[in-house]
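Each chain is listed here by its residues.
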Amino acid sequence: MITRTRLAAGTCALLAALAAGLAFPAGAVAGEPTGEDAPKVDLVLDVSGSMRTRDIDGGTRMAAAKQAFNEVLDATPEEVELGIRTLGADYPGDDRRTGCKDTAQLYPVGPLDRTEAKTAVATLAPTGWTPIGPALLKAADDLDGGAGSKRIVLISDGEDTCAPLDPCEVAREIAAKGIGLTIDTLGLVPNAKMRQQLSCIAEATGGTYTSVEHTDELTEKVNQLVDRAADPVVTPVATRGADSCAKAPTLKSGLYTDRAEFGAQRWYRVDVAPGRELRASVSVGADRAVNPSHGVLLRAVTAHGREIVRGEAAGDGRTDVLSTGLRYPKAEGGSDDEPAEAVCLQVTHSFSVASGVKTTPGLPLELTVDVVDGPSDADDVASFGLGRGWWLLGVLVLVGFLAGLLWGWLSRWWFAVWRTN
């Protein structure tokens, strides 16, 4: 769970997105890939002495990692540039200063030669310390440069042994650079302390933590993370919502960023043609100390102010980002030339700050807009337009009334037969 001490790091990705989008005008088309740079992945493997332990499917942790790596290397997409870094692989001694420098690039990040990479992995043997912090710093340098996605996948069976260089603080420093690097962590047969540390590292950069106790689980998870790196990178577009529906900027499908002022509303407009469905979601992040109780409201209203549907969420201070969403299907029109309907999205939040905390600028806001083909199946609940479906409620009431009459008649008939007999 994200804690108050991770407040800034927890929303750094959202703030970086705001900064990245400032050069784009409001209403621009969003959601396009950022460039042709290849996605990069650095697999960081713990090769410390504890990897000799035999508790994964009857074999050692190192054997499980090697088998998983070989299968991952075979399945790595061609477009992904992959590298392998080790920690604790070379120094077997007791000198802490030397042991905490024991991290090396086993295979450089770049186009993958599967045979060469597998040969390098085969040479590994559990050896020394667990310098997670230093390894993450070096791995970030391995991935430096380029605009494509960057991902570190850390596999470890123990917590860092090189304090006071806290790997969680290292992850926050990497996130604060705004280079779009994500760290995912996998814990082999984890204990509580290791789980807490690896979770903290992942949370700091928007990554994921997974505990692993079997070889096939390790293979599957690493494959998922490598494949995820190949997904296109989407750049949010900065926009500025208005203080009323009439003045709202018109947005197309895409990802947008803005600032949500305290005690104010933000309005945006989306044109929804007949037979299409609007799907929208909003996230508001707390980039400063806020009071524990807060909420976010997203409303879809007509140009005349009538509410169509809403989404809302409440928070209790245990997370730094609050999100909600909504759907609105526009029914097919009576004619082919029926114009699109202007739908206004209103964003409101109830975050508040303690005395002395600045309220300007507003909190970072991320808005996703998607207009897709409307539902075609009659059993799709959205196709009934529940945001304004009074007629459906009437049908349900009528069916219930008729069922009650039928049941009452049958009960009276059965009672009469029983008394006669």
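Quick summary incoming for the structure in this document. Predicted model, so just to flag it, every value in this text is computed and none were measured.

Remarks on the overall build of the chain
Regarding its fold elements, the chain presents ten helices and 17 strands. A burial count over the chain gives 46% of its 421 residues as buried. Pairs at least 24 residues apart make up 76% of the contacts formed inside the chain by residues separated by at least 6 positions. Just so you have it, the chain exposes about 20,900 Å², and 55% of that area is on carbon and sulfur atoms.

Remarks on the state of the cysteines
Using the criterion set out here, one finds three disulfides in the structure. Covalently, Cys245 is tied to Cys344 through a disulfide, its sulfur atoms 1.9 Å apart. The disulfide joining Cys245 to Cys344 has a torsion of about 65 degrees about its S-S bond and is therefore right-handed. Taken together, the residues Cys245 in the loop between strand S9 (237-238) and strand S10 (254-260) and Cys344 in strand S16 (residues 341-349) connect sequence positions 99 residues apart. Overall, the relative accessible area of 1% leaves Cys344 in the buried class.

Section: the pattern of salt bridges
Inspection of the entire model under this criterion finds 15 salt bridges. The salt bridge involving Asp74 is made with Lys118; its shortest N-O contact spans 2.6 Å. Within this pair, whereas Asp74 is found in helix H3 (residues 61-75), its partner Lys118 is found in helix H5 (residues 114-122), the two being separated by 44 residues in sequence. Between Asp142 and Arg85 there is a salt bridge, and its shortest N-O distance comes to 2.7 Å. Taken together, the residues span a long stretch of sequence, with Asp142 in helix H6 (residues 132-142) and Arg85 in strand S4 (residues 81-87) at a distance of 57 residues. A residue is classified by how much of its surface remains accessible, and Asp142, at 22% relative accessible area, is partly exposed. Classification of Arg85 by relative accessible area gives buried; the value is 6%. The structure contains a network of salt bridges with shared partners spanning Asp55, Arg61 and Asp157.

Quick notes on the environment of Val369
With respect to the helices and strands, Val369 occurs in strand S17 (residues 363-373). We classify Val369 as buried; its relative accessible area is 2%. With 90 residues separating them in the primary sequence, Val369 and Arg279 have C-alpha atoms 6.1 Å apart. Ignoring anything within four residues of it in the chain, the contact list for Val369 reads Leu251, Lys252, Ser253, Gly254, Val270, Leu278, Arg279 and Leu345.

Focus on the packing of H6 against helix H7 (residues 167-176)
Two numbers describe how H6 lies on H7: the axes approach to 8 Å, and their chain directions differ by 20 degrees. By the angle between their directions, the pair H6 and H7 is classed as roughly parallel. Pair H6 / H7 crosses with right-handed handedness. Of H7, the residues touching H6 (which contributes Ile132, Gly133, Leu136, Leu137 and Ala140) are Pro167, Val170 and Ile174. Considering only residue class, the contact of H6 with H7 consists of seven nonpolar, one polar and no charged.

Re the sheet that holds strand S5 (residues 103-110)
As summarised here, the arrangement of the six strands in space is S5-S4-S1-S6-S7-S8, forming an open sheet in which the pairing is mixed. Looking along the sheet, the strands with just one partner apiece sit at the ends: S5 and strand S8 (209-212). Recorded for the sheet is a direction-independent mean angle of 15 degrees between the axes of neighbouring strands. As defined by bridge partners, S4 adjoins S5 across five bridges and the pair is classed as antiparallel. Counterpart to Leu87 in the pairing with S5 is Thr103.

Observations concerning unusual backbone geometry
Thr360 connects to Pro361 through a cis peptide bond whose omega is -5 degrees. Note on placement: Pro361 falls in the loop between S16 and S17. Even without glycine at this site, Asp57 takes up a positive phi of about 50 degrees. Tracing the backbone shows Asp57 in the loop between strand S2 (54-56) and strand S3 (59-60). The backbone of Val189 sits at a positive phi, close to 45 degrees, despite the residue not being glycine. Looking at where Val189 falls in the secondary structure, it is placed in the loop between strand S7 (181-188) and helix H8 (192-204).

Rules and cut-offs
Residues numbered from 1 in each chain as written. Predicted model: local features only at pLDDT ≥ 70, side-chain atom pairs only at ≥ 80, totals over all residues. Heavy atoms only, no water. Helix = DSSP H or I, 4+ residues; strand = E, 2+ residues; numbered from the N terminus. Buried < 20%, exposed > 50% of the residue type's maximum accessible area, 1.4 Å probe, protein only. Contact = heavy atoms within 4.5 Å. Areas by Shrake-Rupley, 256 points an atom, 1.4 Å probe, with all protein chains shown as cover. Disulfide = S-S within 2.5 Å. Salt bridge = Lys/Arg side-chain N within 4 Å of Asp/Glu carboxyl O. Axes fitted to C-alpha atoms, helices over the stretch in contact; angles between N-to-C directions. Parallel < 35°, antiparallel > 145°, perpendicular 65-115°, else oblique. Left-handed = near helix turned anticlockwise from the far one by under 90°. Nonpolar A, V, L, I, M, F, W, Y, C, P; charged D, E, K, R; others polar. Pairing = 2+ DSSP bridges.

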